[in-house]
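# Report on the structure
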Amino acid sequence: MEEITEKKTPLISLVGAPNSGKTTLFNYLSGKNYKTVNYPGSTVEYSFAPLLEKFNLTGNILDTPGIISLNPASPDEKVAISSLYYHPDYGSPDVVLVSVDSSQLSRHLLLVQQMLRAHFNIIVVLTMGDILERKGFQVSEDALSKRLKCGVVRINGKTGAGVPRLMELIELSLSSKKTESKFNDPEFDLHHKLHEEFHHQHERHHRRNGDSSNHRRRHFSLLHLLSFFFAKRKCHDEGAHNHGNHRSINDLEKLHGVDPELLRNSHKLIHIFHEIEKIESEVLVRIDGAESSDKQKSNFNAANNQPDSFTIKIDSILLHKYWGLLFFVLIMAATFTSILWLASPIMDLINIAFSSLSQYVSQTLGDGWLSDLLANGLIDGVGSVLVFLPQIIILFLILGLLEDSGYLARGAMLVDRPLSKIGLNGKSFVPMLSGFACAIPATLAARTISNKRERFLTIFILPLMTCSARLPVYALLIAFVTPQNKPWIGGLLLATIYVFGILNSCLISGIINKFLNRGRKEVEDDSSFILELPTYKRPVFSIVATDTYNNAKQYIKRAGPIILTLSLVIWLITYFPNSNPKVDETNKTRNELVQLKNSERLENSYSAYLGKFIEPVMRPLGLDWRVGTALVSTFAAREVFVSSLAVIFKVTSTEDKLQNSILKQMREATIGNTGQKLFTTATIAGLIVFFIFALQCISTIAISKKETGGWRIPSLQIAFYTITAYLFSFLTVNGLRALGIQ
Amino acid sequence: MKTASDLKLGENAIIVDIDTNHPSSRRLIEYGFTPGQRIELVNKSIFNDPIALSVRGSLVAIRRKEANCIKI
């Protein structure tokens, strides 16, 4: 929004059903040179870009998430639709391009009809003409344009055929909009003026402040004032970021002069469809150009309007009773193995890079707090954010490929039945899968679930998925209990932990669901699963890669600041107050001296006080203040546990053998002066169990609060997971000891 | 009255009515399940639920509970 002028740059919004060729069109118009923007206060993403210069037209294009109608069914659709009426940062669109798959004409015209009824200034963009042509038909632009009384253009998003015509239509529509008022309804005009007035204020405000952070509040309060004025009805201030705002969309519809009944009433919808069927029969023409006769029409409906036969053939295997299950398991197994094995060498590289950088900095700058802050606070902090990136990128790449190919919807369909038994939904499948990389994008993915209860329950159990931050911790702990000559035991243990995570989430979800279901009547349940199974196609790598890039960027933007801030806080409490400890300096290399100082400093630091303070709590788990301190530090990110242990146990070694030297120190550590070993099979098992349950991740808590619209769910999560982690860890340690396993 | 849930694999029928009292009915209509349309049961999930129906040239997976409000 840098170049705000008195004359607003026209805003061209792009809407359409998922898979209607919307993104291809957007990429063509923007030259793929776009930025991803959020709907303010929410995490729903938009692509925003100026029109390419070659089109000789000034304008900004806003791509919106796919919708099939103007009636929202889930939180992401609510945001998508309200932004269509009014986007807090970009205002109302001057013209809306509605992408319509020509081969899906009768379904996709619903949105077009609703948009027309909602007084949007639209241009219908017909895509996928090639698929329809293969069936021997074509949509007549003229006939459809006459029938709908709006611009219609056939385009090919890949070759750009039809785009010049589209530009003409946009220009025409923008200029006609200025000269004549479309609506004669005086009341609507008034709304319209107020709308413009807001535009004005909004922009002035923009110029003054140069930022957009306060706009939302301003916008919504003004909007509510308006709706109060016109509807004489009090509105609570619940912005689009709360997702719970049907009312807000109603307000927007009112401002737009729309009768909500027209869009919502089932009978009216059926009526619209009947109208569409009539239109379809009029505008579909045979390729040779002749108007379709009645005979040809029926020909199209019966024989040609069939789902893709190739897709049905593949589905007969992938959705087969037995083969389907086998392929599902194979695909999931392949996904997980690639997350684990492909990512680990890159993660090692990142680890090595950052630890050498940190070493280099501390050696160059010498001793002192600044050097330590940079090396151990900042660089390690950045490293602990970036180290998860490989897994997240690989997971999103695979998810993207699965989605673009069309399989993901089938996966959701396959697991819907079992998941619905435990209070979840087939649509919980993607969030749960993402949870194995990181709970943050996973929580965001849950917003496609329309039923609030199922969505919250999905978000609730996501921290149980074995996220990538736990992996370094498990690697260390498992290495401790794995015999040197039998490495396969370690692999087996890790696999068990993953499976345990899934079983746990199902069990806990099932129990909570039972608990919630008490006293609820079957009829109240509005849980639903309606999902389009897209045609199978070869995934387009560039689209998947762009999506992955955006997801990775989102992760860094979201989790980055929190992890980094917390790393700095933890650095503070581990560095002070004894910032310059005295140690015996004889016969020690510089490196050893630094490590020794670190340990001495830590032993008298605020974090150690904290660790000692919680020691009585750690004792029943067979652990002492040192592990307590490490556990406190894991709130930045779970994997910080490993580096904290390293510092606490005076590990002096070169970085590549870090794990071995920690292990050596861990084997020798005793509790106090008792001579009793601190780390035993029992306490390690207890620690693993602790990490399986515990919700030690500030970022997850923050995102959970945001997505559920309050502290209720996150505080329940914190309480529940802390208690279960402690309880089961206690039971594990003492159970094993009772069995004679130390 | 028979519903879409009673269809056998590969069997097709014409929609007679949609039970608009059902909470999912509006969504079903929006996906194109309207009276007069021909639907076919193309596939079933492993546990026989949800089912995949073809309607207006596309495939839509719905639960049997939802299929029950599509009268055929």
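This one's a predicted model, so the numbers in the text were calculated from it and none came from an experiment.

## Details of the overall build of chain B
Along chain B, the regular secondary structure elements total two helices and six strands. Mapped in sequence order, the helices and strands of chain B form the string β-β-α-β-β-β-α-β. The 72 residues of chain B split such that 64% are buried. Here the contacts in chain B between residues at least 6 apart in sequence split such that 54% fall between residues at least 24 apart. Accessible surface computed for chain B: about 2500 Å², of which carbon and sulfur atoms make up 46%.

## So, the overall build of chain A
When its secondary structure is counted, chain A shows 32 helices and twelve strands. Within chain A, the proportion of its 742 residues that are buried is 53%. Residue pairs at least 24 apart in sequence account for 72% of intrachain contacts in chain A once pairs closer than 6 positions are excluded. As displayed, chain A offers around 33400 Å² of accessible surface, 60% of which is attributable to carbon and sulfur atoms.

## Observations concerning the interface of chain A and chain B
Tallying the contact residues gives 48 residues for chain A and 38 residues for chain B. Of all residues in chain A, the largest losses of buried area upon contact with chain B belong to Arg107, Met413 and Ile530 of chain A, amounting jointly to 17% of the total for that side. Inspection of the chain A/chain B interface yields four salt bridges. Notably, a salt bridge pairs aspartate 49 of chain B with arginine 417 of chain A, separated by 3.2 Å at the nearest N-O pair. Across the chain A-chain B interface, the total number found is 20 residue pairs in polar contact (both at pLDDT 80 or more). Class assignment for the residues of the side of chain A that touches chain B results in 19 nonpolar, 16 polar and 13 charged. The pairing of strand E10 (residues 530-533) of chain A with strand E5 (residues 58-62) of chain B spans four bridges and is classified as antiparallel. The partner of glutamate 532 of chain A across the bridge, within E5 of chain B, is valine 60 of chain B.

## Focus on the sheet that holds strand E3 (residues 38-44) of chain B
An order of E10(A)-E5(B)-E4(B)-E3(B)-E1(B) is seen for the five strands of this open sheet, with the pairing classed as antiparallel. Strands with a single pairing partner mark the edges of an open sheet, and in this sheet they are E10 of chain A together with strand E1 (12-14) of chain B. With direction set aside, neighbouring strand axes in the sheet form an average angle of 30 degrees. As paired elements, E3 of chain B and strand E4 (residues 51-55) of chain B share five bridges and run antiparallel to each other. The partner of isoleucine 39 of chain B across the bridge, within E4 of chain B, is valine 55 of chain B.

## Some thoughts on unusual backbone geometry
All names here are of chain B. Here aspartate 49 and proline 50 are connected by a cis peptide whose omega angle stands at -5 degrees. In the Ramachandran plot, asparagine 48 falls in the positive-phi region, its phi being about 70 degrees despite a non-glycine side chain. With respect to the element layout, asparagine 48 can be found in the loop between E3 and E4. Residue asparagine 48 is classed as partly exposed on the basis of its relative accessible area of 30%. For arginine 56, which is not glycine, the phi dihedral falls at a positive 50 degrees. Along the chain, the position of arginine 56 falls in the loop between E4 and E5.

## Quick word on the confidence of the model for chain A
Residue and element names in this part refer to chain A. For chain A, per-residue confidence averages 79 on the pLDDT scale, and 83% of positions sit at 70 or higher. No element of chain A has a lower mean pLDDT than helix H8 (residues 215-231), which averages 36, and none a higher one than helix H32 (residues 712-738), which averages 94. pLDDT under 50 marks residues 1-6. Its contacts with residues more than four places away, or in other chains, come to eleven contacts. Counting interchain partners and residues more than four positions distant, the pLDDT-below-50 stretch residues 179-191 has 15 contacts.

## Some words on a nonpolar patch on the surface
All names here are of chain A. Nonpolar side chains collect at one region of the surface, where Ile317, Trp323, Leu326, Phe327 and Leu330 lie side by side and expose about 480 Å² of accessible area between them. Element by element, the count of residues in the nonpolar patch is highest for helix H14 (residues 323-365), at four residues. Residue placement: leucine 330 occurs in helix H14.

## Focus: the environment of aspartate 17 of chain B
Residue and element names in this part refer to chain B. With respect to the secondary-structure elements, aspartate 17 resides in strand E2 (residues 17-18). The partly exposed category is assigned to aspartate 17, whose relative accessible area is 39%. Sequence separation between aspartate 17 and isoleucine 70 is 53 residues; the distance between their C-alpha atoms is 6.4 Å. The contact partners of aspartate 17, leaving out residues within four places of it in the chain, are Pro35, Cys69, Ile70 and Lys71.

## Description of the pairing of strand E5 (residues 95-101) of chain A
Residue and element names in this part refer to chain A. With seven of its seven residues buried, E5 lies for the most part within the structure. Of the two faces of E5, the one lined by Val95, Leu97, Ser99 and Asp101 and the one lined by Val96, Val98 and Val100 are each fully buried. Of the pairings in the sheet, the one linking E5 to strand E6 (residues 122-127) comprises six bridges and is parallel in character. Across the sheet, residue leucine 97 finds its bridge partner in E6, namely isoleucine 123. What joins E5 to E6 is helix H3 (residues 105-117), and the crossover it makes is right-handed.

## Structural notes on the environment of isoleucine 312 of chain A
Along the chain, the position of isoleucine 312 of chain A falls in helix H13 (residues 309-318). Residue isoleucine 312 of chain A is classed as partly exposed on the basis of its relative accessible area, which comes to 27%. In this structure, the C-alpha to C-alpha distance between isoleucine 312 of chain A and tyrosine 536 of chain A, residues 224 residues apart in sequence, is 9.1 Å. In this view, isoleucine 312 of chain A contacts Pro307 of chain A together with Val42 of chain B; residues no more than four positions away in its chain are not counted.

## Digging into empty space enclosed by the protein
Residues and elements named next belong to chain A. This model, assessed by the stated rule, comprises six cavities of 30 Å³ or more. In this structure, the largest cavity occupies an estimated 130 Å³ of space. Along its surface, the largest cavity is lined by 18 residues, and Phe388, Cys438, Cys467, Ala469 and Cys697 are the ones closest to its centre. Of all the secondary-structure elements, those providing two or more residues to the lining of the largest cavity are helix H19 (439-445), helix H23 (541-575) and helix H31 (698-708). No other element matches the three residues that H23 contributes to the lining of the largest cavity. Across the lining of the largest cavity, the residue classes break down as 13 nonpolar, four polar and one charged.

Cut-off values and rules
- Residues numbered from 1 in each chain as written.
- Chains lettered and ligands numbered in written order.
- Predicted model: local features only at pLDDT ≥ 70, side-chain atom pairs only at ≥ 80, totals over all residues.
- Heavy atoms only, no water.
- Helix = DSSP H or I, 4+ residues; strand = E, 2+ residues; numbered from the N terminus.
- Buried < 20%, exposed > 50% of the residue type's maximum accessible area, 1.4 Å probe, protein only.
- Contact = heavy atoms within 4.5 Å.
- Areas by Shrake-Rupley, 256 points an atom, 1.4 Å probe, with all protein chains shown as cover.
- Buried area = accessible area lost by both parts, 1.4 Å probe.
- Salt bridge = Lys/Arg side-chain N within 4 Å of Asp/Glu carboxyl O.
- Polar contact = N/O pair within 3.5 Å; in protein donor to acceptor, adjacent residues only side chain to side chain.
- Nonpolar A, V, L, I, M, F, W, Y, C, P; charged D, E, K, R; others polar.
- Pairing = 2+ DSSP bridges.
- Axes fitted to C-alpha atoms, helices over the stretch in contact; angles between N-to-C directions.
- pLDDT = per-residue confidence, 0-100.
- Patch = residues over 30% accessible without salt bridge, like charges linked within 9 Å, V, L, I, M, F, W, Y side chains within 5 Å.
- Right-handed = clockwise from strand over helix to strand, strands pointing away.
- 1 Å grid on protein atoms, 1.4 Å probe; cavity = no way out; pocket = protein on both sides within 12 Å on 5 of 7 lines; lining within 4 Å.
- Points joined across faces, edges and corners; volume = space filled by probe spheres on them.

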